[in-house]
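Read off the chains here:
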Amino acid sequence: MIKKTAVKKVENKGTSIKAKILSKFVNKNTIVEGRDLSKPKILVEGLSKSFGKKVILDNLNLEVAQNESLVVFGGSGSGKSVLIKTIIGLLKADAGIIKLDGELISDLSNTARSHLMSRFGFLFQGGALFDSLRVWENVAFALLHGKKMSIVDAKDVALSKLRSVGLSEEVLYLFPSELSGGMQKRVALARAIATNPEVIFFDEPTTGLDPIMANVINDLIVKAREEIGATTITITHDIHSARVIANRVAMLYQGKIIWVGDVKDMDKSGNPIFEQFINGKITGPIKVDV
Amino acid sequence: MEYISSIGRYTLKFLAVLGSAVIFSLSAIAGIFFAPFYLREIKNNLIEVGFFSLPVVGMTAIFTGAVLVLQSYVGFSRFSAEGSIPTVVVLSITRELGPVLAGLMVAGRVGAAMAAEIATMKVTEQIDALSTLAVNPIKYLVTPRVIACVITLPCLVLIADIIGIMGGYIVATEKLGFNKAIYLKNTIHYLEFMDVFSGLVKAAVFGLIIALAGCYNGYNAGKGAEGVGAATTNAVVTASVFILILNYLTTEIFFSK
């Protein structure tokens, strides 16, 4: 008993000394370009996910700081979508833990997860707008059903969010099928930010858009993030888009994050896989089946 | 050895599908009793399933009643029992043909539409979008459809009963020369409450099956257009087969002595 207490005291002393040293170290460098690096907003440790015998994520580790904009690169079929869908809880991880603000979120009940979802926003690759609902109902969906806002108030919020993504009130009563691809993406973006979420996930936000519209979406993402103050994770293989929206970039390859670094270090990563990917070279460590 | 392992593989696959279908159905049914209630979705589905199925159910019923009179006249006239035709028609329609034919027609029209709509929503990630917007997709998409089908199917069957009997009456009186008053008297005289009631209970059960089969197949659709097509076919086939099986079982429960 005495031995155990003594060990505990030593441990506590050790921990407090370690914490003091760490806090001194961290406090000096904690805020970088608006990002709070002292506490990760999202922490992923040892994440694994397989479909049958195919391993998609293999003991993956990732950290995203508060207010950070992280872009995850990866080739087609590399598991980028699986990664963010597993983090948000649309897919169940085979192993590993996911924490949001230090709280474990990878093992929640359906009800608890449903409550948690109100802290997230998600922009799907194809927009995923509800065909049967008008534009304003799509944007205000979470406000009407989750937050139980009145129709009048929800419509006002929907209009202000639509204006913030460059759309006018003329689209309010249209159906998604009556909009162009770029407009659908903007409506989907307005829906993703309608509840001012803490974390927003963007699944290939510029895929399928012309270069000008892709830039419009990039600017809107940056603007939306700055206005809301959200942490964002974007998956893409659009290098230009990443340079515009990212603070930090990561590369997913064979189920693991093989390189993470600041966006300004992208061109001097020293990682042959990452370099081959961002330069689009056919030859290199990534084998291409032609 | 390969043969035995394939039996095991299919058995496990079947049990997995059965388990997931049961959990899916229980989740959808549980949604009826717990908030939130999506009243607008329920209203839209009541109109879609009930009102817009009226023409197809009505057409089926009127011609079924008419053919039933013609066919039974051929048989019954051989031993001079034409007087029994109104009774045979009304019992056949209320107890069997009304609920079964209405059920099969609605399975074809509504079950297929539900499967196609939900499968398309799945393929285009709209179901995932519902989850990310903090809405339970089963509660939002499936429960309202189950409620709508369970409520509207008995109403449709009651209307099909009336229209079917009317179809028989028109053919019997206008074509075969039956006395109108006697035909109506014989129709009502031997009809019991249980004949109609059993048909309506069957209809509610069929409604539940149609909604669950349509939604389950849509919700678990494979990828792409092929997945949507397969989901639609499976929804109609599953619902139709279960309607026929449950028709026998409910008849056995109601009328076995």
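For clarity, every value in this text was computed on a predicted model and none was experimentally measured.

Thoughts on the domain arrangement of chain A
All names here are of chain A.
For step 1, the next point in the chain: Taken domain by domain, chain A comprises domain 1 (39-119 + 197-290) and domain 2 (129-196).
For step 2, the next point in the chain: A straight line from the C-alpha centre of domain 1 to that of domain 2 covers 25 Å.
For step 3, the next point in the chain: Between domain 1 and domain 2, the contact holds eleven residues from the first and 13 residues from the second.
For step 4, the next point in the chain: Per-element accounting of the side of domain 1 that touches domain 2 gives the leading share, five residues, to helix α8 (residues 211-228).
For step 5, the next point in the chain: In the side of domain 1 that touches domain 2, the residues fall into nine nonpolar, two polar and no charged.

Description of the interface of chain A and chain B
For step 1, the next point in the chain: Contact residues are listed per partner, giving 15 residues for chain A and eleven residues for chain B.
For step 2, the next point in the chain: Those elements that provide at least two residues to the side of chain A that touches chain B are α3 (110-117), β7 (120-123) and α5 (141-145) of chain A.
For step 3, the next point in the chain: Considering every element that reaches the side of chain A that touches chain B, the biggest residue donor is α5(A), with three residues.
For step 4, the next point in the chain: In terms of residue class, the side of chain A that touches chain B is built from ten nonpolar, five polar and no charged.

Notes on the pairing of strand β5 (residues 95-100) of chain A
Residues and elements named next belong to chain A.
For step 1, the next point in the chain: Direction of pairing for β5 relative to strand β6 (residues 103-104): antiparallel, over a ladder of two bridges. Its bridge partner being in β6, Lys-99 is matched across the sheet by Leu-104.
For step 2, the next point in the chain: Taken together, β5 and the strand that follows it, β6, pair antiparallel across an intervening segment of two residues, in which Asp-101 is found at a positive phi of about 50°.

What counts, and where the lines are drawn
Residues numbered from 1 in each chain as written. Chains lettered and ligands numbered in written order. Predicted model: local features only at pLDDT ≥ 70, side-chain atom pairs only at ≥ 80, totals over all residues. Domains from an automatic or database assignment. Contact = placed C-beta atoms within 7 Å. Helix = DSSP H or I, 4+ residues; strand = E, 2+ residues; numbered from the N terminus. Nonpolar A, V, L, I, M, F, W, Y, C, P; charged D, E, K, R; others polar. Pairing = 2+ DSSP bridges.

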